[in-house]
Amino acid sequence: MSVFKENFVLSNGIEIPKIGFGTWQIPNGEDAYQAVRLALKHQYRHIDTAASYQNEQSVGQAIKDSGIAREEIFVTTKLASHIKTYQDALDAFDQTLKDLGLSYVDLYLIHAPWPWNDIGKDCKQGNIEAWKALEVIYQSGRAKAIGVSNFSPSDLENVMNHAKIVPHVNQIAMFIGRDQKETEAFCKKHKILIEAYSPLGTGRILSENRIVEMAKKYQVTPAQLCIRYCLEKHALPLPKSTHESRMIENSHVDFRISADDMKILESI
Ligand SMILES: NC(=O)c1ccc[n+]([C@@H]2O[C@H](COP(=O)([O-])OP(=O)(O)OC[C@H]3O[C@@H](n4cnc5c(N)ncnc54)[C@H](OP(=O)(O)O)[C@@H]3O)[C@@H](O)[C@H]2O)c1
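Residues numbered from 1 in each chain as written. Predicted model: local features only at pLDDT ≥ 70, side-chain atom pairs only at ≥ 80, totals over all residues. Heavy atoms only, no water.

A short note on the packing of helix α5 (residues 153-160) against helix α6 (residues 181-189)
At step 1: At a minimum axis distance of 9 Å, the contact between α5 and α6 shows a crossing angle of 30°. Here α6 runs roughly parallel to α5, going by the angle between their axes. Across the interface between the two elements, Pro153, Leu156, Glu157 and Met160 from α5 touch Glu182, Thr183, Phe186 and Cys187 from α6.
At step 2: Looking at side-chain class alone, the contact of α5 with α6 contains five nonpolar, one polar and two charged residues. (Axes fitted to C-alpha atoms, helices over the stretch in contact; angles between N-to-C directions. Helix = DSSP H or I, 4+ residues; strand = E, 2+ residues; numbered from the N terminus. Parallel < 35°, antiparallel > 145°, perpendicular 65-115°, else oblique. Contact = heavy atoms within 4.5 Å. Nonpolar A, V, L, I, M, F, W, Y, C, P; charged D, E, K, R; others polar.)

Dropping the structure here:
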């Protein structure tokens, strides 16, 4: 069965297509517009963007122009990482909907527990405030699910200690050679779906010898092996490409990796 016909189910019952199309570093305008149009043409039904990617306008336009019913496309976007007050988060969400040209998103995430230009800064109180804003947005129906990104177990605990709603998703870096076992275990325990960002290591791991060899064994490409690896770990991969042939390649991952080979890949 095509992986495009398969969904994960979030803890609130919302279904989410098992592969998402990443749009980081695709410039707003023709590039992002064409990339999303092509991804939708090739059956991707889950698009991942963020306010800080500055391409929400083109992503939204491509969704609109695709002619595909809105409810058939799962759209994720993210609150910019420096926004850490309740009111600023609500305002940012209004702007995001305007930029996307949509009346709702399927998933809204806090992009990171700290501003990207101040990684590790203590934003405990700010994350609690931002989360309260996301809960209000969720309860208004303008986001069908809410979550976080780049959150460690302690970042999650901080928010959950003050939350009415447990995050539905945590989007984290996950690729062969980059596992986050404690975060994976914490999320599993609390029924928080992990989305694997940079599943190809932003393209950097595709020529790694052991990955190339293992891909040959399965008669797939290194990219396909990397994407399947995430799925075997019950994480939702978000590969990005601006090339049509790669978009197609990245969606043909209907094979299984044996438990023994997963162990080898996990040891890389
Ligand atoms: N929440 C966060 O903080 C966060 C952080 C990073 C990423 N993300 C999300 O995750 C998505 C994916 O991560 P990513 O953009 O870092 O990178 P990625 O998907 O791991 O890799 C993309 C890179 O690999 C190349 N590529 C794609 N398919 C290929 C294939 N089949 N063969 C060879 N090369 C291939 C792409 O080049 P071409 O485009 O030239 O094909 C690009 O250079 C992002 O777009 C974003 O949506 C989220």
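There is more to say after this.
Quick look at the packing of helix α7 (residues 209-217) against helix α8 (residues 222-232)
At step 1: Running from N to C, α7 and α8 cross one another at 90°; their axes reach a closest spacing of 8 Å. By the criterion of interaxial angle, the relationship of α7 to α8 is roughly perpendicular. For the pair formed by α7 and α8, the contact residues are Ile211, Val212, Met214 and Ala215 on the first element and Pro222, Leu225 and Cys226 on the second.
At step 2: Split by residue class, the contact of α7 with α8 holds seven nonpolar, no polar and no charged.

What about the pattern of salt bridges?
At step 1: Considering all chains together, one arrives at 15 salt bridges under this definition.
At step 2: Across the pair Lys217 and Asp261 runs a salt bridge, and its minimum N-O distance is 2.8 Å. Here the residue Lys217 occupies a position in helix α7, and Asp261 occupies one in helix α10 (residues 259-266), the gap between them amounting to 44 residues.
At step 3: Residues participating in the shared-partner salt-bridge network are Asp179, Lys181, Glu184, Lys233 and Glu266. (Salt bridge = Lys/Arg side-chain N within 4 Å of Asp/Glu carboxyl O.)

Side note on the side chain of Glu135
At step 1: Positionally, Glu135 belongs in helix α4 (residues 124-139).
At step 2: It turns out Glu135 is buried and unbridged, and the closest side chain with the opposite charge, Lys164, is 4.6 Å from it.
At step 3: From its side chain, Glu135 meets the backbone nitrogen of Ile165 in a polar contact 2.8 Å long.
At step 4: Among residues more than four places away in sequence, those in contact with Glu135 are Ile146, Ala163, Lys164 and Ile165. (Buried < 20%, exposed > 50% of the residue type's maximum accessible area, 1.4 Å probe, protein only. Lys, Arg positive; Asp, Glu negative; His and termini not counted. Polar contact = N/O pair within 3.5 Å; in protein donor to acceptor, adjacent residues only side chain to side chain.)

Notes on the site of the ligand
At step 1: Around the ligand there are 29 residues in total, and Asp48, Ser198, Leu200, Ser241 and Arg246 lie nearest to it.
At step 2: A distance of 3.4 Å is found between a nitrogen atom of the ligand and a side-chain nitrogen or oxygen belonging to Tyr53.
At step 3: For the ligand, an oxygen atom lies 2.9 Å from a polar atom in the side chain of Asn150.
At step 4: Coverage of the ligand by the protein chains reaches 89% of its 900 Å² of free accessible surface.
At step 5: In this structure the site holding the ligand corresponds to the largest pocket. (Near = heavy atom within 4 Å. Areas by Shrake-Rupley, 256 points an atom, 1.4 Å probe, with all protein chains shown as cover. 1 Å grid on protein atoms, 1.4 Å probe; cavity = no way out; pocket = protein on both sides within 12 Å on 5 of 7 lines; lining within 4 Å. Sits in = over half its atoms within 2 Å of the grid points.)

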